[in-house]
Amino acid sequence: MDKAYNPESFESRIYGWWEKSGCFKADDASDKPPFMIAMPPPNVTGALHNGHALTVTIEDALTRWKRMCGFNALWMPGTDHAGIATQMVVERELAKDGLSRHKLGREAFIQKVWEWKEKYGNIITTQLRRLGASPDWSRERFTMDSGLSLAVREVFVSLYEQGLLYRGARIINWCFRCHTALSDLEVVPTERKGHFWHVKYVLSDGSGELVIATTRPETLLGDTAVAVHPEDERYKKLVGEKVRLPLLDREIPIIADAYVDREFGSGALKITPGHDFNDNEIGKRHNLSVINLFDKEGRVNEHGGPYKGRTIAEAREKIVADLIARGLLVRTEDHAHSVGVCQRCERVVEPTVSDQWFVNVKPLAEKAIAAVKLGEKLSLAEVDAREDAIKLVPEGWVNTYYQWMENIRDWCVSRQLWWGHQIPAWYCDKCGHITVSRTDVTKCGKCGSIGVKQDPDVLDTWFSSSLWPFSTLGWPEKTKALETFYPTAVMETGFDILFFWVARMIMMGLHFNGGRAPFKRVYLHAMVRDEKGQKMSKTKGNVIDPLDIIRDFGADAFRFTLSAMAGQGRDVKLSFDRIGGYKAFCNKLWNASRYVLMRLGYVTAEGLAPQPRTDFTALTGGKPLGEWISARRAKLHPVNAWILECFEAAAETVHRGFEEFRLNEAANEVFTFVWNEYCDWYIEFSKSLLESPATADETKVCMLYVLEQTLALAHPLIPFVTEEIFQHLPPRHGVREKEPLMLRPYPVAKRAAPTHASQLVGLWKNSIEALRAFRGENGIAPKARPKVTFEAADAAHAKDFQAGVLYIKAIAQLESLEPESGKLKGDSAAAEILSEGVKFYVPLAGLVDVSGEKKRLEKEKADALKDIEHVKNKLAKETFISKAPKELVDKEREKLAGFAAKLAEIERAISKLQKVAAN
RNA sequence: UGGAGUGUAGCUCAGCGGGAGAGCAUCCCCUUGACACGGGGAAGGUCGUAGGUUCAAUCCCUAUCACUCCAACCA
């Protein structure tokens, strides 16, 4: 083993070994309990970002944990074809060569996209491997592979047959750059600066006028009414009258609708049902006609009269100019408002009425609401035990989820793209009938004409993703995999795709699997931000590339950082300092292991006498380490018993952390155990224990066993370094040669009541700390080896301390530590150090500056006085004595007595010192 | 407008009814035989603010301020 932890030297080697030996594979026919996570399929166009890294960290940790716990763990990987995104990328490539998809034609273009996908589509999965992800790659799926396409068709046709999917003209969001319809979710409301134009609409009979404010004056060409509030006194009498539409001179009615806000603008609203969602609703209520103003390229069509052929921007400009010319523009204000922008290209989208395919999701949503409502009432364990309930974690998301689900609108699923699942509907040239079919159609289902053409549009990418948890398992075939793994255990993803993906998976999963949910738990992780808490973005230039982090710190340090910072409901603020700190942790674990292996003779270091190799197969008499220890647990040396207890307590906490999606708790526990217990104390104690023949053997076994178990405990979080170290451990029973740690059993969680052993070790640790503090605060040279005596408070303590003298002496670096004979106690030139149940005497001569020691004691005195006052105040309250639990009152009284005794000791020590100072 | 969350040491965060914790940063000492990606010591906090419940509140309740996120609206 190298002296320093160097992740680059082994991470890729270890990964290759795991993958080659089939460690990631799940088994359809296993009799182990199933556990499945469907990995959110990254876009084929994607490059690894920190969101992926967080996803992988959490899901891989959960999968590895469950796998080691004896589950048939399947982490299902795959990629998403990402319709618009991928098509745009390939079109951009083509543009470089002066080509376009239209020049190429549909078939050739799709061919090109497939070629692009073959070439670049697995970059992202390669990157996931660098993080140590352990999905079953042999099952990797792609949303457009044949099996998944079959599932898509099955769902489309079934929904159609059930009357839940239809084609119709509805108002949708249209992007003029991407030339496609978008769902509500793909439109991002964005704050933009604009204007507020106040326009005069003159009454037809010339008796007056209305002023109407608008941010989109060009849409007035499509107005079919003006609406006022029915209760608005100003306009009440005008309802039923008509106004002349400015510029076009069309006559339109004034209608009354409670939607209008009297306070806003002039209180009169122009109604454009063709290009505004709310106006469209109002139009339906009042039977208004719908005018579609723009062609697919975003130019004004024949309904725009003289403005025909202009783009939206041009039309707006001209219309404003014309309004001014005719004196119809009352005034213009600056106005910041939010407009819908295309998620992909950021261009302002236009609500437009268009023929599209829609899914009537309302009935599906009701079931989806019920499943989550049920989950809300149940505990995690109860949800796990059934198939119809879903638990959202953190639970705060449920309200948002209900609100969205309750107000859900029909889902526009058709996209005017070429890359995606082409819609399985065929139109008859002759009779116009639409044939929707699972298999390709060559003649009309109604008139039998062979003049049929398939719908050129494709489905929304999220349509296929919504089937992911079951389509990847072979659905609609009744596969063994589906039977084994559905419903999946956990859906883990970012909250930003709760509606895009999670909600739709729930709806589809329940609907197509007989009311069985696609997953039992949903864990929504937070956002990864930069260290100032800002969103990472290319424009801000604060993007941290995960691959750079892995290169500089190693995948384990990165994963450990993400785990440690991924508290529920809190964003992850990535900072290099923190990652560096966790790299130091990996180094610590590495070196602690080196220490163990050196002591056992399996690692030799420069300048160090080689130790003989410990033969564990002989030492443990053919038993695995754990069994050997269990058999003599009660007789172990207190230090060995103590570290085992510590480990068991840590294991329990780590289990709970994983169980409740609190990876930060798991990570912190691992960190604290390894560093603050195993390294800071156990290893220090072991140095003495290994010296003594009475304790050497059992210490070797315990040291190795706890290390081995610790590696297992930490493995889901830091898989590489733990595996690498594990492979260096000496041969022993119960572990096959070259057995991968990742397939070893996970440490069992059980926390026993602390025994006398931990109490003893606790006392020794306290003593050592008191002695160290004395040294530190008095500036005693590190090389000095004082001769110290001790005096215990009572016989029991005396015995306990006597048992620890050897270790206290060694760790506190003392020349000697012996029971006080009365000599130093009476010596005014000896310092007194108080610790729990014991007092130490240190000769001051040549060691300590008396004034410094006095200062230390004065501080202790002040602390003691504060303690006493605090407890006294508490005990002075009659209500406390009478109402607080009796044990607590007794405890406080004991505390007071203890503090008082301590104070007396301190005061005595001080007065003693004063004598010295006086001399 | 509605919903959720967060305000604790200089920074990043744990804790959540019985006297405030960690990591990093700071200061002092140490190249001690695992580790300077290290060891030892120290300093640092009216736990956002104001009320209330309780014998007891950083923790529970109410109000308030600040920030963040989600959803809706935005003529």
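This text follows the structure it describes.
Note that the structure is predicted; figures quoted are calculated from it, not measured.

Enquirer: Provide a residue-level description of the packing of aromatic side chains, including the pertinent values.
Expert: Here a ring pair, both rings aromatic, is described through the centre-centre distance and the interplanar angle of the planes. Summed over the entire model, instances satisfying the criterion amount to 43 aromatic pairs. Look at W397 and F495: their rings are 5.0 Å apart centre to centre, the planes differ by 20°, and that puts the pair in the stacked class. Placement of the pair is W397 in helix α12 (residues 397-406) and F495 in the loop between β22 (488-494) and α16 (498-512), with a sequence separation of 98 residues. The class of W397 is partly exposed, set by a relative accessible area of 24%. The structure contains a cluster of three or more aromatic residues connected by ring pairs, namely F156, Y160, W357, W411 and F463. One Lys or Arg, R64, reaches over the ring of W18 and ends 4.4 Å from the middle of that ring. Of note, R732 hangs over the ring of F726, and the distance from its end group to the ring centre comes to 5.2 Å.

Enquirer: Talk me through the protein's contact with RNA strand B; I want residue IDs and the actual numbers.
Expert: Neighbouring RNA strand B are 68 residues, the closest being F196, A213, Y259, S338 and H870. Of what RNA strand B places within 4 Å of the protein, 61% of the atoms are sugar or phosphate. Between RNA strand B and A592, the relevant distance is 3.2 Å, taken from a base nitrogen to a main-chain nitrogen or oxygen of the residue. Between C679 and RNA strand B, the recorded distance is 3.4 Å, taken from a backbone N or O atom to a base nitrogen. Broken down by element, the surface near RNA strand B gets its largest block of residues, 12 residues, from helix α19 (residues 576-599). For the surface near RNA strand B, the class distribution of residues is 28 nonpolar, 16 polar and 24 charged.

Enquirer: Kindly report on the nonpolar core, identifying the contributing residues and their values.
Expert: Among the nonpolar cores identified, the biggest contains 161 residues, and F658, Y678, F685 and W764 are the most heavily contacted of them. A total of 13 residues in this core trace back to one element, the largest contributor, which is helix α23 (residues 663-689). Apart from residues no more than four positions distant in its own chain, W764 is found in contact with H637, P638, V639, F685, D800, F801, A803, G804, Y807 and I808. Core analysis: the second largest hydrophobic core is formed by 66 residues, M76, A151, A425 and L459 among them.

Enquirer: Please give an account of the sheet that holds strand β29 (residues 838-843) that cites residues and values.
Expert: Across the sheet, four strands lie side by side as β27-β26-β29-β28; this open sheet has mixed pairing. For this open sheet the edge positions go to β27 (816-819) and β28 (830-835), each flanked by a neighbour on one side alone. Adjacent strand axes in the sheet meet at a mean angle of 25°, parallel and antiparallel pairs treated alike. Relative to β29, β28 runs antiparallel, the two being bridged by six bridges. Within the sheet, the bridge partner assigned to E832 lies in β29 and is Y841. The sheet contacts of helix α26 (residues 756-778) involve β26 (787-792), β28 and β29, and relative to β28 the element is tilted by about 140°.

Enquirer: Describe unusual backbone geometry, with residues and values.
Expert: The omega torsion of the bond from W475 to P476 falls at 10°, within 30 degrees of zero and hence cis. Tracing the chain through its elements places P476 in the loop between α14 (468-471) and α15 (480-485). At the junction of Y486 and P487, the peptide bond is cis and its omega measures out at -5° in the coordinates. Among the secondary structure elements, P487 is positioned in the loop between α15 and β22. One non-glycine residue, H179, lies in the positive phi region at around 55°. Although it is not a glycine, L247 adopts a positive phi angle of roughly 70°. Of note, L247 is situated in the loop between β10 (242-244) and β11 (251-256). A relative accessible area of 10% places L247 in the buried class.

Enquirer: Just give me the short version of helix α6 (residues 123-130), but keep the residues and values in it.
Expert: Taken as a whole, α6 has its buried residues at I124, T125, Q127, L128 and R129. In this fold, the buried residues of α6 make contact with α1 (11-20), α2 (50-68), β3 (78-79), α17 (546-553) and α25 (719-726). Of the residues flanking the end of α6, it is G132, one or two places downstream, whose phi is positive at about 95°.

Enquirer: Any chance you could break down the packing of α23 against α26 for me, citing the residues and the numbers?
Expert: Two elements in contact, α23 and α26, have axes whose closest approach is 12 Å; the angle formed by their N-to-C orientations is 95°. Accordingly, the angle class assigned to the pair α23 and α26 is roughly perpendicular. Where α23 approaches α26, its residues E677, W681 and F685 are matched on the opposing element by V761, W764, K765, I768, E769 and R772. Looking at the contact of α23 with α26 residue by residue, the classes come out as five nonpolar, no polar and four charged.

Enquirer: Quick one: what's the story with the pattern of salt bridges, residue by residue and with numbers?
Expert: If the charged atoms of two oppositely charged side chains come close together, the side chains can form a pair. Applying the stated rule across the entire model yields 58 salt bridges. Residue R13 pairs with E724 through a salt bridge whose shortest N-O separation is 3.2 Å. With R13 in helix α1 and E724 in helix α25, the pair connects residues that are 711 residues apart, well separated along the chain. A relative accessible area of 47% places R13 in the partly exposed class. In this structure E724 comes out as buried when scored by relative accessible area, which is 6%. The structure contains a network of salt bridges with shared partners spanning E832, K839, E905, R908 and K912.

Parameters and conventions
- Residues numbered from 1 in each chain as written.
- Chains lettered and ligands numbered in written order.
- Predicted model: local features only at pLDDT ≥ 70, side-chain atom pairs only at ≥ 80, totals over all residues.
- Heavy atoms only, no water.
- Phe/Tyr/Trp six-rings, centres within 6.5 Å; stacked < 30°, edge-to-face > 60°.
- Helix = DSSP H or I, 4+ residues; strand = E, 2+ residues; numbered from the N terminus.
- Buried < 20%, exposed > 50% of the residue type's maximum accessible area, 1.4 Å probe, protein only.
- Lys NZ or Arg CZ within 6 Å of the ring centre and 35° of its normal.
- Near = heavy atom within 4 Å.
- Polar contact = N/O pair within 3.5 Å; in protein donor to acceptor, adjacent residues only side chain to side chain.
- Nonpolar A, V, L, I, M, F, W, Y, C, P; charged D, E, K, R; others polar.
- Core = buried A, V, L, I, M, F, W, Y, C linked by side-chain atoms within 4.5 Å.
- Contact = heavy atoms within 4.5 Å.
- Pairing = 2+ DSSP bridges.
- Axes fitted to C-alpha atoms, helices over the stretch in contact; angles between N-to-C directions.
- Parallel < 35°, antiparallel > 145°, perpendicular 65-115°, else oblique.
- Salt bridge = Lys/Arg side-chain N within 4 Å of Asp/Glu carboxyl O.

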